[in-house]
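Descriptive structure summary
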Amino acid sequence: MKLLPLAAFLLLVLTALEARPKPSALKCRTGPLDIVFVIDSSRSVRPFEFETMRRFMIDIIGNLDVGPNATRVGVIQYSSQVQNIFSLKTFFTRAEMERAINGIVPLAQGTMTGLAIQYAMNVAFTVQEGARPPHKKIPRIAIIVTDGRPQDRVSEVAAHARNAGIEIYAVGIQRADMNSLRAMASPPLEEHVFLVESFELIQQFGKQFQDKLCGVDMCMERDHGCQHSCVSTPSSFYCECHPGYQLNVDGKTCSPIDACADGRHGCEHHCISTRGTYSCRCRAGYHLNQDKRSCTMIDYCSFGNHSCQHDCVSIPAGHRCRCRDGFMLQHDGKSCRAVDLCNGVDHGCEFKCVSSEGSFHCVCPEGQQLHADGKTCNKCGAGHVDLVMVIDGSKSVRPQNFELVKQFVNRIVDLLEVSPDGTHVGLVQYSSRVRTEFPLNKYHSAEEIKEAVMKMEYMEKGTMTGLALKHMVEHSFSELEGARPLTYNVPRIGLVFTDGRSQDDISEWAQRAKESGIVMFAVGVGKAVEEELRAIASEPVEQHFSYSADFTTMTNLVENFKLNICPEEGRGETEIRSPCECEALVQFQTNTVAILQSLTERTHTLAQMTARLEALEKQIALKK
């Protein structure tokens with residue numbers, strides 16, 4: 001029985017709304033608005049009551065001028081949760097909105113009105129969801145329709161929404177709580193709170209709301225003074241500018257937007273602003289790349305008409321010719337001539353400077369070696385070498401014998417004049433793997449080397465002599481590890497010590513070592529294989545390998561090594577001569593030849609005088 005009065009009431013609502021004159025009859029124009037309906041679909045709303053709400057929304061939308069630049073409409077429903085039906089950016093025609101409203105399925109749960117207002121403020125009225133930015137001054141209107149008392153607090157959240165610029169209309173149906181409606185609505189309350197329980201109030205609400213939506217076109221009624229275009233709003237208006245322009249502080253005139261001013265254009269050279277947009281331009285001598293931002297210098301050399309003898313270099317103004325190192329550009333700006341650096345620089349060579357393309361180097365007389373400074377020559381002293389000793393640290397050596405090996409190494413170091421400009425020494429130990437104990441450029445005195453040798457730790461394991469030879473050739477005698485350049489003519493000597501047969505092939509890297517200019521010495525002890533020692537040693541083999549039956553007697557090998565690496569200190573007959581010995585022999589031969597030539601000349605003169613005397617004697621005899 002209670003349903004009959006309510007049904008009659010809703011019928012009167014629909015009749016009144018349908019009987020109201022349409023906007024065209026009122027001869028008014030709807031200004032742009034952002035409207036969001038917040039509809040209560042809790043379980044207390046009966047199905048036919050919800051249909052009345054559905055019809056109410058459709059009738060209100062029917063009186064609006066909807067569109068992307070006119071009024072935008074969104075709908076959310078709520079109960080214990082909030083559901084977005086469609087947002088302000090979803091639909092822009094009445095037909096689409098009506099279909100979406102007719103498709104709403106009520107949630108039929110609690111009544112969380114405060115939660116719905118919070119959602120409208122934080123989501124529905126955001127720019128991302130379709131609301132116009134605040135500077136557009138488009139009114140934001142929320143129409144809350146509910147039939148009962150909220151189950152959460154609404155006062156505080158509604159106040160936040162109003163402070164955020166949302167105008168709230170609170171429409172209560174029959175059982176709605178008036179205090180809650182007043183707590184939600186915007187002031188003045190008499191214009192924003194409606195309790196639909198009589199025909200008169202429905203008419204009043206319809207008139208009030210229609211007056212809000214339908215106003216006079218203020219742009220037509222007033223001299224707005226807008227330079228570009230005027231936009232009418234309820235009881236007011238505002239000016240807008242054409243695309244590419246911005247509104248000045250007077251709110252009426254417009255200025256072109258400088259799209260380059262914010263510095264975010266990304267143009268490498270120049271930014272050119274045109275009607276709110278921009279384009280990039282390059283400086284003279286450059287062209288714009290496909291990204292329309294970066295610039296690349298024009299390659300004038302690629303045109304092929306530069307006529308440069310050597311290299312062509314592109315520059316923004318065209319191109320220029322450049323000569324390779326060691327050459328000088330001629331006056332014609334195209335051809336090149338070699339530069340004699342020995343005549344043009346203070347080369348500092350002690351004996352002779354030799355020019356090469358773009359560089360020079362010093363050389364010494366035959367029989368003398370270039371010092372590490374690359375300029376001076378050694379004066380027949382003890383000389384210097386780059387010596388790398390490769391020591392077998394396999395398990396067959398045994399710890400006590402390895403200590404004897406260290407002593408053997410230090411005995412050899414004692415024979416050498418170690419210094420930064422003299423002999424350099426490096427040490428490598430190997431077993432199943434190879435380890436550099438110290439490179440050629442690590443130490444510069446015999447004391448430092450001997451101390452490092454005594455600290456060397458025994459590796460044990462296998463005997464990979466071939467792997468050690470490979471390491472010596474590729475690494476130990478590299479300039480990176482201290483070997484002096486080949487142009488310095490510093491002898492490179494490799495001394496390999498082993499006590500047994502190698503577990504890998506040695507022939508390839510032994511040959512490569514000798515081919516790369518390394519003088520190889522092989523020292524064997526105990527079970528060392530003579531065939532392998534001979535394969536390692538340089539020619540003549542007999543002078544480059546030694547063997548000792550056991551570790552206790554191997555120090556005797558030092559004298560043999562001394563004889564071969566330092567022949568000027570050796571004893572006995574040997575074909576090896578130091579540079580100084582060779583120089584002395586050459587000088588001796590030169591002096592001897594000079595003496596012989598002098599004697600020959602004197603003998604020839606004496607023979608001529610004797611012949612003349614004999615001729616005179618014959619002439620005298622004839623006269624008699």
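Residues numbered from 1 in each chain as written. Predicted model: local features only at pLDDT ≥ 70, side-chain atom pairs only at ≥ 80, totals over all residues. Heavy atoms only, no water.

1. A closer look at the overall build of the protein
This is how the line gets drawn: Helix numbering and strand numbering both begin at the N terminus, where a helix is a DSSP run of H or I of at least 4 residues and a strand a DSSP run of E of at least 2. Exposure classes here rest on a 1.4 Å probe applied to the protein chains alone. A residue is buried below 20% of its type maximum, exposed above 50%, and partly exposed in between. For the accessible areas, the method is Shrake-Rupley and the probe is 1.4 Å, while residue cover comes only from the protein chains on display.
Along its length, the protein carries 18 helices and 28 strands. For the protein, with 624 residues in total, the buried portion stands at 42%. Looking at the protein as shown, the accessible area adds up to about 34100 Å², and 52% of this sits on carbon and sulfur atoms.

2. Some thoughts on the packing of aromatic side chains
Rule in force here: Note on aromatic pairs: the rings of Phe, Tyr and Trp (six-membered ring only in Trp) are paired at centre separations within 6.5 Å, and the planes decide the class, stacked below 30 degrees, edge-to-face beyond 60, tilted for the rest. Remark: a charge is flagged as sitting over a ring if the NZ atom of Lys or the CZ atom of Arg is within 6 Å of the ring centre and within 35 degrees of the ring normal.
Summed over all chains, the structure comprises five aromatic pairs. When the ring of Tyr300 is compared with that of Phe303, the centres are 5.7 Å apart and the planes differ by 85 degrees; the resulting orientation is edge-to-face. Residue Phe303 is classed as exposed on the basis of its relative accessible area, which comes to 54%. One Lys or Arg, Arg283, reaches over the ring of Tyr286 and ends 5.7 Å from the middle of that ring.

3. Considerations on the sheet that holds strand β6 (residues 166-173)
To keep things clear, this is the line we draw: Two strands qualify as a pair provided that DSSP identifies no fewer than 2 bridges between them. Between the N-to-C directions of two axes lies an angle of 0 to 180 degrees, each axis being a line fitted to C-alpha atoms and, for a helix, fitted only over the stretch in contact.
Pairing is mixed across the open sheet formed by six strands, whose spatial order is β4-β3-β2-β5-β6-β7. Each of the sheet's edge strands pairs with one partner strand only, and the pair in question is β4 (82-86) and β7 (193-196). On average, each strand axis in the sheet is tilted by 20 degrees relative to the strand beside it, whichever way the strands run. Pairing of strand β2 (residues 34-40) with strand β3 (residues 72-78), which is carried by seven bridges, proceeds in the parallel orientation. Each bridged residue has a counterpart across the sheet, and for Asp40 the counterpart in β3 is Tyr78.

4. Observations concerning the sheet that holds strand β23 (residues 386-392)
Ordered in space as β25-β24-β23-β26-β27-β28, the six strands form an open sheet in which the pairing is mixed. Every interior strand has two partners, whereas the edge strands, β25 (434-438) and β28 (545-548), have only one. When strand polarity is set aside, the average angle formed by the axes of neighbouring strands in this sheet is 20 degrees.

5. Thoughts on the confidence of the model for the protein
One rule of thumb: low pLDDT means the predicted coordinates there are not for detailed reading. Applicable threshold: Per-residue confidence from the prediction method is given by pLDDT, with values spanning 0 to 100. Between two residues, a contact is recorded if the distance between any of their heavy atoms is within 4.5 Å.
Taken residue by residue, the protein gives an average pLDDT of 80. The fraction at 70 or more is 78%. Across residues 1-29 the pLDDT falls below 50, and counting only partners more than four positions away or on other chains, this stretch makes 39 contacts in the model. Contacts from residues 566-600, a stretch scored under 50 in pLDDT, to residues over four places away or in other chains number 24 contacts.

6. Some thoughts on the packing of helix α5 (residues 113-124) against helix α6 (residues 155-163)
Which entries qualify depends on this criterion: Note that the term roughly parallel is reserved for angles under 35 degrees, roughly antiparallel for angles over 145, roughly perpendicular for angles of 65 to 115, and oblique for everything else. A clockwise turn of the near helix away from the far one marks a right-handed crossing, whereas an anticlockwise turn of less than a right angle marks a left-handed crossing. Residue classes follow a fixed rule: Ala, Val, Leu, Ile, Met, Phe, Trp, Tyr, Cys and Pro count as nonpolar, while Asp, Glu, Lys and Arg count as charged, and any other residue, Gly among them, counts as polar.
Following both chains from N to C, one finds α5 and α6 inclined at 20 degrees, their axes separated by 9 Å at the closest point. Judged by the angle between their axes, α5 and α6 are roughly parallel. α6 is crossed by α5, and the crossing has left-handed handedness. Where α5 abuts α6, its residues Gly114, Ile117, Gln118 and Met121 lie against Val157, Ala158, His160 and Ala161. When its residues are assigned to classes, the contact of α5 with α6 shows five nonpolar, three polar and no charged.

7. Some details on α6
Counted only if it meets this: Directions drawn from the helix axis to the C-beta atoms are what define this arc.
For α6, every residue scored as buried is listed here: Val157, Ala158 and Ala161. Viewed end-on, α6 has its buried residues packed into an arc of 100 degrees, placing them on one side of the element. When the buried face of α6 is taken as reference, the exposed residues oriented beyond 90 degrees from it are Glu156 and Asn163. On the buried face of α6, the contacting elements are α5, β6 and α7 (178-184). After α6 finishes, the residue Gly165 shows a positive phi value of roughly 95 degrees.

8. Focus: the side chain of Ser41
Rules: Each polar contact in these results corresponds to two N or O atoms within 3.5 Å; when the atoms are within protein, one needs to be able to donate a hydrogen and the other to accept it, and residues that are neighboring in sequence are counted only if both atoms are side-chain atoms.
Along the polypeptide, Ser41 turns up in the loop between β2 and α3 (47-62). Within the structure, the side chain of Ser41 is placed 2.8 Å from the side chain of Gln77, a separation counted as a polar contact. Reaching out from Ser41, the side chain makes a polar contact with the backbone nitrogen of Leu107 at a distance of 3.3 Å. If sequence neighbours within four positions are ignored, Ser41 has contacts with Phe50, Gln77, Tyr78, Ser79, Pro106, Leu107, Ala108 and Gln109.

9. Examining the pattern of salt bridges
To keep things clear, this is the line we draw: When a carboxyl oxygen of Asp or Glu lies within 4 Å of a side-chain nitrogen of Lys or Arg, that pair is called a salt bridge.
All chains considered together, the criterion is met by 14 salt bridges. The closest approach of N and O atoms between Arg512 and Glu508, which form a salt bridge, is 2.9 Å. One end of the pair, Arg512, and the other, Glu508, are both in helix α15 (residues 507-515), four residues apart, so they sit about a helical turn from each other. One salt bridge in this structure joins Arg534 and Glu530, with 3.0 Å as the shortest N-O distance. Here Glu530 and Arg534 lie together in helix α16 (residues 530-536), a separation of four residues that amounts to about one turn. Residue classification places Arg534 among the partly exposed positions, given a relative accessible area of 33%. Taken together, the salt bridges that share partners define one network made up of Glu530, Arg534 and Glu542.

10. Considering the environment of Glu542
Inspection of the secondary structure puts Glu542 in the loop between α16 and β28. One polar contact links Glu542 to Arg534, side chain to side chain, over a distance of 2.8 Å.

11. Brief notes about the pairing of β3
Our working definition: Orient the strands so they point away from the viewer, and a crossover whose first-strand-to-second-strand path over the helix runs clockwise is right-handed.
β3 sits mainly inside the fold: seven of its seven residues count as buried. Side chains Arg72, Gly74, Ile76 and Tyr78 of β3 all project onto a buried face; the interleaved residues Val73, Val75 and Gln77 project onto the opposite face, where all are buried too. Tracing the backbone out of β2, into α3 and back to the parallel element β3 gives a crossover that is right-handed. Both β3 and β4 contribute to a ladder of four bridges, which runs antiparallel.

12. With respect to the environment of Ser302
Secondary-structure assignment places Ser302 in the loop between β16 (295-297) and β17 (311-315). For Ser302 and Cys312, which are 10 residues apart along the polypeptide, the C-alpha to C-alpha distance reads 9.0 Å. A polar contact is formed between the side chain of Ser302 and the backbone oxygen of Asp299, at a distance of 2.5 Å.

13. Topic: unusual backbone geometry
Here the bond from Pro187 into Pro188 is cis, since omega is -5 degrees, no more than 30 degrees from zero. Within the element layout of this structure, Pro188 appears in the loop between α7 and α8 (189-192). With an omega dihedral of -10 degrees, the bond running from Glu539 to Pro540 counts as a cis peptide bond. Residues other than glycine seldom take positive phi values, yet Lys137 does so here, at roughly 60 degrees. Residue Lys137 is classed as exposed on the basis of its relative accessible area, which comes to 60%. One non-glycine residue, Arg398, lies in positive phi territory at about 75 degrees. With respect to the secondary-structure elements, Arg398 resides in the loop between β23 and α12 (399-414).

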